[in-house]
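Chain residues, written in single-letter form:
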Amino acid sequence: MASTRKLAEFSISKDRFIQALACISNLADRAIVRAIVHPKDVILGFAFSNVLSDDQSGDELYADYAIVKEEMIDPNFLVKSEEWPLFFVSCTEAFISSIMTLEPRENQFLKIEFYNILEEDAPEMVKSEVLVLGEHNSAVGSILRHQSSQEDDTVMEADESQSVLYG
């Protein structure tokens, strides 16, 4: 048996969502979705993030792509910023291509829903599910199973005075 919790839902332009996934896809086939958090604990949007480390040279390549609340239609964040879990999204070529085939809803927008699924028989495992909804009940999904306790940052801090990120 599993326990499903909706974390967020919003609509975003199809192009913007595809750009986010394509930006980070060069480093890996999945990425962390971090909440962008204002110092007053308000979620301002999401950062799609990837890091590629070369153990021999010590070099790191990283990609961050932010989508802020102002770009979303009807954003609804169903968890508090300090409760944002470790959450992954697929950024494989097949997933991006599938999203490209979706007919967007009104004004070129897709509806995005993020779910966190806890498995009762394996409490150390969690599933990150992204559901992308288009027109006429069309949908594409990504479900990634991963360890629930990892040391990756789940939030990205924003500047106190504005919705601008500082890295």
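The numbers attached to residues start from 1 for each chain and follow its sequence in the written order. Confidence filtering applies because this is a predicted model: local features only for residues at pLDDT of at least 70, side-chain atom pairs given and counted only at 80 or more, and all residues used for totals across whole chains, interfaces and linings. Only hydrogens and water are set aside when side-chain values are computed; all heavy atoms of the structure are taken into account.

(A) Expanded view of helix H1 (residues 14-25). Between its first and last C-alpha, H1 extends 17 Å over twelve residues, near the 16 Å set by a 1.5 Å rise per residue. Of all the positions in H1, only Lys-14, Phe-17, Ile-18, Ala-20, Leu-21 and Ile-24 are classed as buried. All buried residues of H1 lie within an arc of 155° about the axis, which places them on one face of the element. Every helix listed is a DSSP run of H or I at least four residues long, and every strand listed is a run of E at least two residues long, numbered separately from the N terminus. The span expected for a helix works out to 1.5 Å for each residue beyond the first. Only protein chains enter the accessibility calculation, which uses a 1.4 Å probe; a residue whose area is less than 20% of its type maximum is buried, one above 50% is exposed, and one in between is partly exposed. This arc describes the spread of directions from the helix axis toward the C-beta atoms.

(B) Spatial organisation of the environment of Phe-46. When you line up the elements, Phe-46 lands in strand E3 (residues 43-53). The exposure class of Phe-46 is buried, given its relative accessible area of 0%. When the C-alpha positions of Phe-46 and Ile-36 are compared, they lie 5.2 Å apart, and in sequence the two are ten residues distant.

(C) Region of interest: the packing of H1 against helix H2 (residues 93-101). To define axes, lines are fitted to C-alpha atoms, for helices over the stretch in contact only, and angles between the resulting N-to-C directions are given on a 0 to 180 degree scale. Contact geometry for H1 and H2: axes closest at 10 Å, N-to-C directions at 170°. In terms of their interaxial angle, H1 and H2 are classed as roughly antiparallel. Contacts between H1 and H2 pair Lys-14, Phe-17, Ile-18, Leu-21, Ala-22 and Ser-25 from the former with Phe-95, Ile-96, Ile-99, Met-100 and Thr-101 from the latter. Each residue receives one of three labels: charged for Asp, Glu, Lys and Arg, nonpolar for Ala, Val, Leu, Ile, Met, Phe, Trp, Tyr, Cys and Pro, and polar for the others, Gly being one of them. The residue inventory of the contact of H1 with H2, partitioned by class, reads eight nonpolar, two polar and one charged. Oblique is the label for every angle not falling under 35 degrees (roughly parallel), over 145 degrees (roughly antiparallel), or within 65 to 115 degrees (roughly perpendicular). By the convention used here, residues are in contact when the closest approach between their heavy atoms is within 4.5 Å.

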